[in-house]
Amino acid sequence: MEPVDVMGEGRLAQCTDPQGAEFAMWQPGKTAGFGLASADNTLVWVELHVPDPAAALGFYSALFGWRHAEMQAPGMTYRVLSTADGDQQDTSFGGIAPQQGQGEPSRWTPYFNVPDVDATVAAATANGGSVVMPASDVPEVGRIAWLADPAGAVFALLKPNPQM
């Protein structure tokens, strides 16, 4: 979608990256953007799953100036993203990982910080959502589950490890 004014609040454009992942860009007006993140029931992380993580990193680094740090995870290299300025760890906000399954679409997945992943999974399924990946504990990360809302939009839940 070409850039449009949003009632004086800002400007919005929607794009698709070279590997097919959709994303949006916001130019602040009266509304700067997120006022709160990483608190209970708010956005805490975003993760891009694509066939070629290195190519995606090149695209987004050229577009936004993002930096990355590589971490080895079982069977893959995970790239932790951070903004162009500031302490790299303090400004990290997401990661890039290879697609996990055959036929998985390229996509950005938002992670929401929740106080109880299992209770939130139960609430989501009671309200028409579905489980994409059951809740599980990920060492040094926390408890994670992937869900889809009633329209099929995928999102994740995370109760971060307290040491993070």
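The model shown is predicted, which means the values in this text are computed figures rather than measured ones.

Scoring rules and cut-offs
- Residues numbered from 1 in each chain as written.
- Predicted model: local features only at pLDDT ≥ 70, side-chain atom pairs only at ≥ 80, totals over all residues.
- Heavy atoms only, no water.
- Helix = DSSP H or I, 4+ residues; strand = E, 2+ residues; numbered from the N terminus.
- Buried < 20%, exposed > 50% of the residue type's maximum accessible area, 1.4 Å probe, protein only.
- Polar contact = N/O pair within 3.5 Å; in protein donor to acceptor, adjacent residues only side chain to side chain.
- Pairing = 2+ DSSP bridges.
- Axes fitted to C-alpha atoms, helices over the stretch in contact; angles between N-to-C directions.
- Salt bridge = Lys/Arg side-chain N within 4 Å of Asp/Glu carboxyl O.
- Phe/Tyr/Trp six-rings, centres within 6.5 Å; stacked < 30°, edge-to-face > 60°.

To continue, consider the side chain of serine 106. Structurally, the position occupied by serine 106 is in the loop between strand S7 (92-98) and strand S8 (107-113). Residue serine 106 is classed as buried on the basis of its relative accessible area, which comes to 13%. Side-chain polar atoms of serine 106 contact the backbone oxygen of glutamine 19, separated by 2.8 Å. Reaching out from serine 106, the side chain makes a polar contact with the side chain of glutamine 99 at a distance of 3.3 Å.

Spatial ordering of the open sheet is given by S5-S6-S7-S4-S8-S11-S10-S9, a layout of eight strands whose pairing is mixed. Bordering the open sheet on either side are strand S5 (67-73) and strand S9 (130-138), each of which pairs with just one other strand. Neighbour-to-neighbour, the strand axes of the sheet open up by a mean angle of 25°, direction not taken into account. Where S5 meets strand S6 (residues 76-82), seven bridges bridge the pair, whose relative direction is antiparallel. Bridge pairing in S6 places glutamate 70 opposite arginine 79.

The subject of this paragraph is the pattern of salt bridges. Per the stated rule, a full pass over the model turns up six salt bridges. Arginine 11 is paired through a salt bridge with aspartate 5; the nearest N and O atoms lie 3.1 Å apart. Salt-bridge contacts for arginine 143 lead to aspartate 137; the nearest nitrogen and oxygen are separated by 3.2 Å. Salt bridges here are not isolated pairs; linked through shared partners, they connect Asp118, Asp137 and Arg143.

Moving on, we get to the packing of aromatic side chains. Applying the stated criterion to the full structure yields twelve aromatic pairs. Plain terms: the ring middles of tyrosine 60 and phenylalanine 64 are 6.3 Å apart, the flat faces sit at 15° to each other, and that makes the pair stacked. Here phenylalanine 64 and tyrosine 60 lie together in helix H1 (residues 53-64), a separation of four residues that amounts to about one turn. For the pair tyrosine 60 and tryptophan 66, a centre-to-centre distance of 5.4 Å together with 10° between the ring planes defines the contact as stacked. Judged by its relative accessible area of 17%, tryptophan 66 falls in the buried class.

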